[in-house]
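# Summary of the model geometry
The lines below spell out each chain.
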Amino acid sequence: MRKSLLDHLLDWAGRIVLIAILAFVLLPFVVVAIASFNDGAILSFPPREWSWRWYANAFQYRDFGAGLTNSLKIAVFGATIALIAGAGFAYVLDRYEFRFKNTLNGILMSPLIIPNFTIGLGLLILSAAASLPRNLWLVVATHVVIVMPFVVRSVYVSLQNFERRFEQAAESLGGSPWHVLRTITLPLLAPGLASGGLFAAILSFNEFTASLFVVNQSTQTLPVAMYNYVREYADPTLAAVSVIYVLAVAVILLIVHKFFRLEKVLNVE
């Protein structure tokens, strides 16, 4: 069946709108990427001369290396703890009925509406009142609170779409609860668990606002190190770090897509 003129116009209009949206989203990154090659000591756009020296400076600056190490540690620990705890809460919310169930769900989802700086400031005050040290575990705890809702919601949605008859069939054949959980439930929930863990790790790695309140010089994350750098220097080093940052995350997502397929991990098939 041939398309009418109106269909063709709508098709081209949709493409133009899509290209415009992509250009709007990518434009800031393109500007920063071009500015990162500026040879001058002041960040400006467009560059008058081109140079790679700010990329070399980004790798040589000690605080960036320490911040990257801290960010990776915090993201791994925070995402793991949030995944285990969040999956447990999601399972309880889906499978059991009890008093204050809605209250528990509201508490778990509350970090979505509470500003991150409020969470960071609150945990800073709480740790000071309890005489707790401002070490790496305080930052991890802060990140767990922030990323927990995404894990809970991701796993909960997977449980809502879960086919309970597979578990019932395994139980009717004599499978123990642990055996059913290990061989039936967890494999079927793998996409939801993977997407929750991936979101938690990325959000933790990028978190800045709350981290600013709970880190110190030895535990500062990469975003905090970048913020401290831009307060002291105005050169294009931060633009170079931003480009490396974005490309590294893109490579990680491509690797995940290569081996696990992102549409499966994100449960959007």
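Here is a short report on the structure shown in this document. If you're wondering where the values come from, they're calculated on a predicted model, not measured in any experiment. (Residues numbered from 1 in each chain as written. Predicted model: local features only at pLDDT ≥ 70, side-chain atom pairs only at ≥ 80, totals over all residues. Heavy atoms only, no water.)

### Digging into the overall build of the chain
Helix and strand counts for the chain come out as 12 helices and zero strands. Helices (α) and strands (β) of the chain occur, in sequence order from the N terminus, as α-α-α-α-α-α-α-α-α-α-α-α. The globule rule puts the C-alpha radius of gyration for 269 residues at 18 Å, and the 23 Å found for the chain is more than 25% above it. Across its three principal axes, the chain shows a C-alpha extent of roughly 75 × 75 × 30 Å. A total of 269 residues make up the chain; the buried ones form 34% of that total. (Helix = DSSP H or I, 4+ residues; strand = E, 2+ residues; numbered from the N terminus. Rg over C-alpha atoms; globule rule 2.2 N^0.38 Å. Buried < 20%, exposed > 50% of the residue type's maximum accessible area, 1.4 Å probe, protein only.)

### Structural notes on helix α4 (residues 101-109)
Here α4 has its buried residues at K101, L108 and M109. All buried residues of α4 project into a common sector of 95 degrees when viewed along the axis, lining one side. Contacts from the buried residues of α4 go to α3 (62-95) and α6 (136-160). (Arc of directions from axis to C-beta. Contact = heavy atoms within 4.5 Å.)

### Digging into the packing of α6 against helix α8 (residues 177-206)
Contact pair α6 / α8: the axes reach a minimum separation of 8 Å and the direction vectors enclose 160 degrees. The angle between α6 and α8 falls in the class roughly antiparallel. Two packed elements cross with a definite hand, and for α6 against α8 that hand is right-handed. Along its contact with α6, which presents H143, V147, F150, V151, S154, V155, S158 and L159, the element α8 presents L189, G192, L193, S195, G196, A200, L203 and S204. Taken together, the residues of the contact of α6 with α8 sort by class into nine nonpolar, seven polar and no charged. (Axes fitted to C-alpha atoms, helices over the stretch in contact; angles between N-to-C directions. Parallel < 35°, antiparallel > 145°, perpendicular 65-115°, else oblique. Left-handed = near helix turned anticlockwise from the far one by under 90°. Nonpolar A, V, L, I, M, F, W, Y, C, P; charged D, E, K, R; others polar.)

### Remarks on the packing of aromatic side chains
Enumeration according to the criterion identifies 11 aromatic pairs in this entry. Between W52 and Y55, the ring centres sit 5.5 Å apart and the planes meet at 55 degrees, which makes this aromatic pair tilted. Judged by its relative accessible area of 10%, Y55 is buried. Among the aromatic residues, those joined into a ring-pair cluster are F37, W50, W52 and Y55. The lysine or arginine in question, R15, covers the ring of W12, its NZ or CZ lying 5.1 Å from the ring centre. (Phe/Tyr/Trp six-rings, centres within 6.5 Å; stacked < 30°, edge-to-face > 60°. Lys NZ or Arg CZ within 6 Å of the ring centre and 35° of its normal.)

### Quick word on a nonpolar patch on the surface
A contiguous nonpolar surface patch, about 800 Å² in accessible area, is contributed by V17, L18, I21, L22, F24, V25, L26 and V30. Along the polypeptide, V25 turns up in helix α1 (residues 5-35). Judged by its relative accessible area of 56%, V25 falls in the exposed class. (Patch = residues over 30% accessible without salt bridge, like charges linked within 9 Å, V, L, I, M, F, W, Y side chains within 5 Å. Areas by Shrake-Rupley, 256 points an atom, 1.4 Å probe, with all protein chains shown as cover. Salt bridge = Lys/Arg side-chain N within 4 Å of Asp/Glu carboxyl O.)

### Let's talk about the pattern of salt bridges
Tallying each qualifying case throughout the model produces four salt bridges. Notably, a salt bridge pairs D94 with R95, separated by 3.1 Å at the nearest N-O pair. A single burial state applies to D94 and to R95, both of which are buried. Residue K101 is joined to E97 by a salt bridge in which the shortest nitrogen-to-oxygen separation is 3.2 Å.

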